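Commentary on secondary and tertiary structure
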Amino acid sequence: TNGTVIEIRGEPIAEGGFVTTWVDVSEHHRLQTELHRHDALVAQVVNHLPQGISLFDEHLVLQLWNQAFVDMLEFPQESIFRGAHFEDLLTVMALRGDYGPGDPKEQVEKRLSLARQFQPHSFERTRPNGRTHLVEGQPVKFEERLAGFVTTYTDITTQKNAELALR
């Protein structure tokens, strides 16, 4: 009732009987609860962004994304999961013509080669559906070591159409 969390463990003794240990794990429990709350809040922020967002680790494996990323790039739902490889997602896009005419295998290899450099990038891409996206990526470091890259996808179709109308 006072908020203390006790972990009780019983271990049998070879000669018979038990040894029971009681450990106060209140601080551990509090930290776990706090971490869970923090993770839930971060997930809420990421999922409410109007931009698509993806985080690939240093091995180019998908670790984090939001629904806007899936919707904006029109990925089949089954292709997006924690552990999906960047190369596989590039292949989905190349095969459906997102990178224009040309050999999909070469298009994937070219983009994979660029991604492996983990350099900041910013470019506009107009997809076959007519939507234009501003794609911006930044390398992510953790404890001074490369940990991957985060990319945002902003739909700028309305702005592009307004620019065209003004011209």
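Residues numbered from 1 in each chain as written. Predicted model: local features only at pLDDT ≥ 70, side-chain atom pairs only at ≥ 80, totals over all residues. Heavy atoms only, no water.

1. Comments concerning the overall build of the chain
The number of helices and strands found in the chain is five helices and seven strands. In terms of C-alpha radius of gyration, the chain reaches 24 Å, well past the compact-globule figure of 15 Å for 167 residues. Overall, the C-alpha framework of the chain stretches about 85 × 35 × 35 Å when taken along its three principal axes. In the chain, which comprises 167 residues, the share counted as buried stands at 27%. Pairs at least 24 residues apart make up 33% of the contacts formed inside the chain by residues separated by at least 6 positions. Accessible surface computed for the chain: about 11,500 Å², of which carbon and sulfur atoms make up 56%. Here the chain contributes 16 positively and 24 negatively charged side chains, and the mean placements of these two sets differ by 8 Å. (Helix = DSSP H or I, 4+ residues; strand = E, 2+ residues; numbered from the N terminus. Rg over C-alpha atoms; globule rule 2.2 N^0.38 Å. Buried < 20%, exposed > 50% of the residue type's maximum accessible area, 1.4 Å probe, protein only. Contact = heavy atoms within 4.5 Å. Areas by Shrake-Rupley, 256 points an atom, 1.4 Å probe, with all protein chains shown as cover. Lys, Arg positive; Asp, Glu negative; His and termini not counted. Charge placed at Lys NZ, Arg CZ, Asp CG, Glu CD.)

2. Looking at the sheet that holds strand β7 (residues 145–155)
Read across the open sheet, the five strands follow the order β4-β3-β7-β6-β5; overall the sheet is antiparallel. Only two strands of the sheet have a single neighbouring strand rather than two, namely β4 (62–65) and β5 (121–126). Taking the axes of each pair of neighbouring strands and ignoring which way they run, one obtains an average angle of 20 degrees across the sheet. (Pairing = 2+ DSSP bridges. Axes fitted to C-alpha atoms, helices over the stretch in contact; angles between N-to-C directions.)

3. Description of helix α3 (residues 86–95)
Taken residue by residue, α3 has Phe 86, Leu 89, Leu 90, Met 93 and Ala 94 as its buried positions. Looking straight down α3, one finds its buried side chains confined to an arc of 140 degrees; they lie on one side. On its buried face, α3 sits against β3 (52–57), β4, α4 (104–115), β5 and β7. Note on α3: the residue one or two positions beyond its end, Gly 97, has a positive phi of about 95 degrees. (Arc of directions from axis to C-beta.)

4. A word on the pattern of salt bridges
Pairs can form between side chains of opposite charge once their charged atoms are near each other. Following the criterion strictly, the structure yields eleven salt bridges and no others. The partner of Arg 167 in a salt bridge is Glu 163, with the nearest N and O atoms 3.7 Å apart. (Salt bridge = Lys/Arg side-chain N within 4 Å of Asp/Glu carboxyl O.)

5. Some details on a nonpolar patch on the surface
A cluster of nonpolar side chains, Ile 6, Ile 8 and Trp 22, forms an exposed patch at the surface whose accessible area comes to about 350 Å². Tracing the backbone through its elements, the reader meets Trp 22 in strand β2 (residues 18–24). Relative accessible area serves as the criterion here: at 61%, Trp 22 is assigned to the exposed category. (Patch = residues over 30% accessible without salt bridge, like charges linked within 9 Å, V, L, I, M, F, W, Y side chains within 5 Å.)

6. Re unusual backbone geometry
For Phe 118, which is not glycine, the phi torsion reads 50 degrees and is therefore positive. For Phe 118, a relative accessible area of 12% translates into the label buried. Positioned with a positive phi, Glu 143 is a non-glycine residue whose angle comes to about 50 degrees. Looking at the secondary structure, you find Glu 143 in the loop between β6 (132–142) and β7.

7. A look at the packing of α3 against α4
Contact geometry for α3 and α4: axes closest at 9 Å, N-to-C directions at 140 degrees. Here α3 lies oblique to α4, going by the angle between them. Handedness of the α3/α4 crossing: right-handed. Along the contact surface, α3 presents Phe 86, Glu 87, Leu 90, Thr 91, Ala 94 and Leu 95, while α4 presents Pro 104, Gln 107, Val 108, Arg 111, Leu 112 and Ala 115. (Parallel < 35°, antiparallel > 145°, perpendicular 65-115°, else oblique. Left-handed = near helix turned anticlockwise from the far one by under 90°.)

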